[in-house]
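Breakdown of the fold
Take a look at the letters that make up each chain.
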Amino acid sequence: MQSAAVLCADIGGSFIKFGISRKSGQVEELARVPVPKSDSRELAEALRNLADDADASGILPIGLSTAGLVDPVTGKGLSANIPCLTGLPIAEAFSQATGRSVFAANDADCLTLAEANDGVGRGHSVVFCIIIGTGIGGGIAVDGRILRGAGGVTGEWGHGPALNTSVEIGGRQIHVPRFSCGCGQSGCVDTIGGARGIEKLHELFHGEERSSHRIIEDWQAKDAEARETIEAYLQLVADPLAVAINTVGPSIVPVGGGLASAAALIAALDEAVRARILNRLDRPLLVPAIRREDGGLMGAAVLARQGVADARAA
Ligand SMILES: [Zn+2]
């Protein structure tokens, strides 16, 4: 039954991507519509229409990837980007509205499922997928299944006061303030780990605004200032990431998010992290995710198949 067709939706901050997976390892995007963010009934209606257009039989289950957390006990969402999901028992509400079985999980967890089952993590028992993009996030899969921690919070190495407050660059100690974070704490990796974070560090060290794209390019071209910025970035991010890796014990760390396309940066971060962890590896541990484009849909499809299998087994 692993290969039975399932529907899948990726509810992001702007769009619902909707698709169908006709067999394991395959997904096809069928439609993309704006997300009704503030009215859950409109969102349910949009999903029902998308599902009915894709499947006239009305029986295929839906896997949902959502921007925001999903509590594994109550099923309730918590989403800053899509306010109507907050407090909503997502799977239950959408199941009622669509008349189908619905299975929901956080978007980082869905990318983790996609990578663990049909990406670079395939064949690995413990996969710690990290997102380095606008924000910092992550998810953990064990034997192809996501680990659903308390409150839906698992693999979130981007939050918590983790950062060192000084870095050593060319023999100088440079003070880095603990920037305040959207989560209410300060010193989170999220505050400096993404593209905006690189720009923030560059401005702090050199008093100059430069785009992250340029900083990374200039670093590769051995520009002195960009090198300092990226060296500091690598120290600040590799320290807490090494602790997370020692704690989780992955044999592979797929990297998603916008900065995953900066291959040289990910390779440098991989090297910095491997120098800090207890396991000695002579191969890359951090590897760009290969499901960066369709990870939400693919992970949602995996989630739906696993949910159906679990329901049958119960
Ligand atoms: Zn935070």
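Residue numbers restart at each chain and count upward from 1, following the sequence in its written direction. This being a predicted model, a pLDDT of at least 70 is required before a residue's local features are given, and a value of 80 or more before pairs of side-chain atoms are given or counted; all residues contribute to the totals for chains, interfaces and linings. Side-chain measures here rest on the full set of heavy atoms in the structure, leaving out hydrogens and waters.

Identification of the protein as N-acetylglucosamine kinase from Rhizobium wenxiniae is taken from an unreviewed UniProt entry. UniProt positions are given in the numbering used here, feature names are shortened, and annotations may be inferred rather than shown by experiment. As recorded by UniProt, the Catalytic activity (unreviewed entry) comment attached to the protein reads in full: "N-acetyl-D-glucosamine + ATP = N-acetyl-D-glucosamine 6-phosphate + ADP + H(+)".

1. Focus on helix 8 (residues 295-313)
For helix 8, with 19 residues, the first-to-last C-alpha span of 27 Å sits near the 27 Å given by 1.5 Å per residue. With a 1.4 Å probe rolled over the protein chains alone, any residue whose accessible area is under 20% of its type maximum counts as buried; one over 50% counts as exposed, and the rest are partly exposed. Strands are runs of DSSP state E lasting at least 2 residues, helices are runs of H or I lasting at least 4, and numbering of each runs from the N terminus. Helix 8 sits mainly inside the fold: 14 of its 19 residues count as buried. In this analysis, the expected span of each helix is defined as 1.5 Å times one less than the number of residues it contains.

2. A look at the side chain of S21
For S21, the position within the fold is in strand 2 (residues 15-21). Distance and chemistry together define a polar contact, namely a pair of N or O atoms within 3.5 Å, with one atom able to donate a hydrogen and the other to accept it when in protein, and with adjacent residues in sequence counting only for side-chain atoms on both sides. A polar contact is formed between the side chain of S21 and the backbone oxygen of Q26, at a distance of 2.6 Å. Only 3.1 Å separates the side chain of S21 from the side chain of R305, close enough to count as a polar contact. Should any heavy atoms of two residues lie within 4.5 Å, those residues are considered in contact. Not counting residues up to four positions away in its chain, the partners in contact with S21 are A4, A5, V6, C8, Q26, V27, A301 and R305.

3. Describing the domain arrangement of the protein
Residue ranges for the domains trace back to a domain assignment, done automatically or taken from a database. Split into domains, the protein comes out as domain 1 (6-113 + 293-313) and domain 2 (122-288). If you average the C-alpha positions of domain 1 and of domain 2, the two centres end up 29 Å apart. Listed as interface residues are 14 residues of domain 1 and, on the opposing side, 17 residues of domain 2. When two parts are put together, the accessible area they lose, computed with a 1.4 Å probe and summed over both, is reported as buried area. Summed over both sides, the interface between domain 1 and domain 2 buries roughly 1300 Å², with carbon and sulfur atoms accounting for 58% of that surface. The largest share of the area that domain 1 buries against domain 2 comes from P72, D109 and T112, three residues that together contribute 38% of it. Throughout this description, the term salt bridge denotes a Lys or Arg side-chain nitrogen within 4 Å of a carboxyl oxygen of Asp or Glu. Between the two partners, domain 1 and domain 2, sit 1 salt bridge. Of the charged contacts, one joins R145 and D310 as a salt bridge, the two residues approaching to 2.8 Å between their closest N and O atoms. Put simply, domain 1 and domain 2 have 3 residue pairs in polar contact (both at pLDDT 80 or more) between them. Elements with a contribution of two residues or more to the side of domain 1 that touches domain 2: strand 5 (69-70), strand 7 (102-106), helix 3 (107-118) and helix 8. Ranked by the residues each element gives to the side of domain 1 that touches domain 2, the list is headed by helix 3, at 5 residues.

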